[in-house]
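# Inside the fold
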Amino acid sequence: MLSVFNSRIALSMDTLAQSRGLRCLAVIAMLGALAACGTTQTTPPPPVYIPPEPVIDEPVDIEPEPVDEPVATGLIPPHMAERDIARVALLLPFSADNSGARSEALRLLNAAELALFERGSGNLLLIPKDTQGTPQGARSAALAAVEDGADIIIGPLFGPAVASAALVARQADIPVIAFTTDTTVAGDGVYLMSFPPEIEVARIVEYATRQGVERFAYLGPQSRYGMAVYASLQENAALTGGHIAAESFYTGDVEAMSRASARLAQGVFEPLTPEEADELRGEAWVPDPEAPFQAVILPEGGTRLRALGPLLISQAVDPLVVRFLGTGLWNDPDLLREPALHGGWFAGPDLDARTSFETAYEAAFGNEPSRIASLAYDAMSLAAHLDGGELGFSRAAIEEEQGFLGADGLFRFVGTGLIERGLAIYEVRSRGLREIEPAPLTFEPVEAF
């Protein structure tokens, strides 16, 4: 009976193995126990696990999945979606605390838009950015310009803001055309589209030297601007064979200016007699070889300059004997009302080019441009000129040796970031400014060092 039972179990096991495969060892052990019912039970030995032989394959180099690098497309207005856009960021203090700075920012923006309309192609995009009149605001504006894909940055207006924006622009390899006269922020891709006093002093000193002036004097403020003029006077007088024979600085109001005038010339000159004055008026001016100094530079403008001239005359420094020299601050029609300044010389931009710009600006916006609005016009015109050129907005293109013609005449940038300008020489007359030497039409080749 037991053998029959076992036979059936074995048959069932065969069928089960064929239909479902082997079961776990626990089930087999249980069935074996049933088959051995009535016999002495022994503990079966534990199963022996034999690990499989490891499979060693040849190392395979796995190619990394290609990753598409992001393409910086920049700001794309819908109407310019199909164009090859060149982007010009304009950084100005539109929301500065100072109302004068805000007003100037709008005039500069107007002038840039005028140049874009007159000179730009259909693919040139102007992107205004607000610096808020602070270095931190300028940095944020520059970062936004980089994010928008700017090819060139125009502005900011003030030196500290330029220095802050320049740090961002240099990292992104974007050139900057700024408006400040602070030459310390220029260079390494930052160019100054302004009228630094150094270039005006160099031009007027060179001209005065050709008229026979050897001994110069300085009377002016002990400010950053004044000291820049003084240093340039020293340098350029030495280059032309002259020197500074007298100097006097002041800090403060008209009283301080009066004391400085006395220190410069009190007791140095003898007052002219009426006969001597009449004789000198009828002759062309020639430097007096016996005069303690033959020309004096006055780096002031506006009401302060109109006060400084008479103060010198009160010390017997007569413009019939000593030629009064000025900087770009003298380019002011209100100065024509001050007789003490008549006969004075200063260097300034070409008046014909300036007049053309002012006429176009007034026709477009209904008011007169500020004195420096032309800087934005010329900077935007330069961007339009560079757009599409073989060198693009590179430094080599910006530093084109032949220079460019703008609203203030001929100009070019050098590797230091400073500007060279073709300036005319003007004489102040009661009825207006008289051009006594025109601005050059071309530049001399840049000297190689």
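Bear in mind that the values here come from a model prediction, so they are computed numbers and not experimental data.

Before going further, it helps to examine the packing of aromatic side chains. What characterises a pair of aromatic rings is the spacing of the ring centres plus the angle enclosed by the ring planes. Under the definition given, this model contains 14 aromatic pairs. Look at Y230 and F249: their rings are 5.1 Å apart centre to centre, the planes differ by 75°, and that puts the pair in the edge-to-face class. You can see Y230 sitting in helix α7 (residues 224–239) and its partner F249 sitting in strand β7 (residues 243–250), a full 19 residues away along the chain. Taking relative accessible area as the criterion, Y230 reaches 10% and is therefore assigned buried. A ring pair is formed by F269 and F293, whose centres lie 5.1 Å apart and whose planes are at 80°; its orientation type is edge-to-face. Of the two residues, F269 sits in the loop between α8 (254–265) and α9 (274–281) while F293 sits in the loop between α9 and β8 (295–297), which places them 24 residues apart along the sequence. A relative accessible area of 12% places F269 in the buried class. Residue F293 is classed as buried on the basis of its relative accessible area, which comes to 1%. Among the aromatic residues, those joined into a ring-pair cluster are Y191, F404, F411 and F413. Between R371 and the ring centre of F195, over which it is positioned, the NZ or CZ distance is 5.1 Å. The residue whose ring lies beneath R421 is F195, and the NZ or CZ to ring-centre distance is 4.0 Å.

Moving on, we get to helix α11 (residues 351–365). An ideal rise of 1.5 Å per residue puts 21 Å on 15 residues; α11 measures up with 21 Å between its terminal C-alpha atoms. Among the residues of α11, R354, F357 and Y361 are the ones counted as buried. Burial along α11 is one-sided: seen end-on, the buried residues are contained in an arc of 65°. For α11, the exposed residues lying more than 90 degrees away from the buried face are D352, T359 and A363. The secondary structure elements touched by the buried residues of α11 are α3 (99–119) and α12 (373–386).

With that settled, the discussion passes to the pattern of salt bridges. When the charged atoms of two side chains lie near each other, side chains of opposite charge can form a pair. Tallied over the entire structure, the rule returns 16 salt bridges. Ionic pairing is found between R170 and D188, a salt bridge with its closest N-O pair at 3.4 Å. Of the two residues, R170 sits in helix α5 (residues 159–171) while D188 sits in the loop between β4 (176–178) and β5 (190–192), which places them 18 residues apart along the sequence. Assessed through its relative accessible area of 30%, R170 is described here as partly exposed. Close ionic contact of R203 with E206 constitutes a salt bridge, the shortest N to O distance being 3.5 Å. Of this pair, R203 and E206 both sit in helix α6 (residues 197–210), three residues apart, which is roughly one turn of that helix. Each of the salt bridges in this network shares a partner with another, and the network as a whole consists of R203, E206, R210 and E437.

Analysis parameters
Residues numbered from 1 in each chain as written. Predicted model: local features only at pLDDT ≥ 70, side-chain atom pairs only at ≥ 80, totals over all residues. Heavy atoms only, no water. Phe/Tyr/Trp six-rings, centres within 6.5 Å; stacked < 30°, edge-to-face > 60°. Helix = DSSP H or I, 4+ residues; strand = E, 2+ residues; numbered from the N terminus. Buried < 20%, exposed > 50% of the residue type's maximum accessible area, 1.4 Å probe, protein only. Lys NZ or Arg CZ within 6 Å of the ring centre and 35° of its normal. Expected span 1.5 Å × (residues − 1). Arc of directions from axis to C-beta. Contact = heavy atoms within 4.5 Å. Salt bridge = Lys/Arg side-chain N within 4 Å of Asp/Glu carboxyl O.

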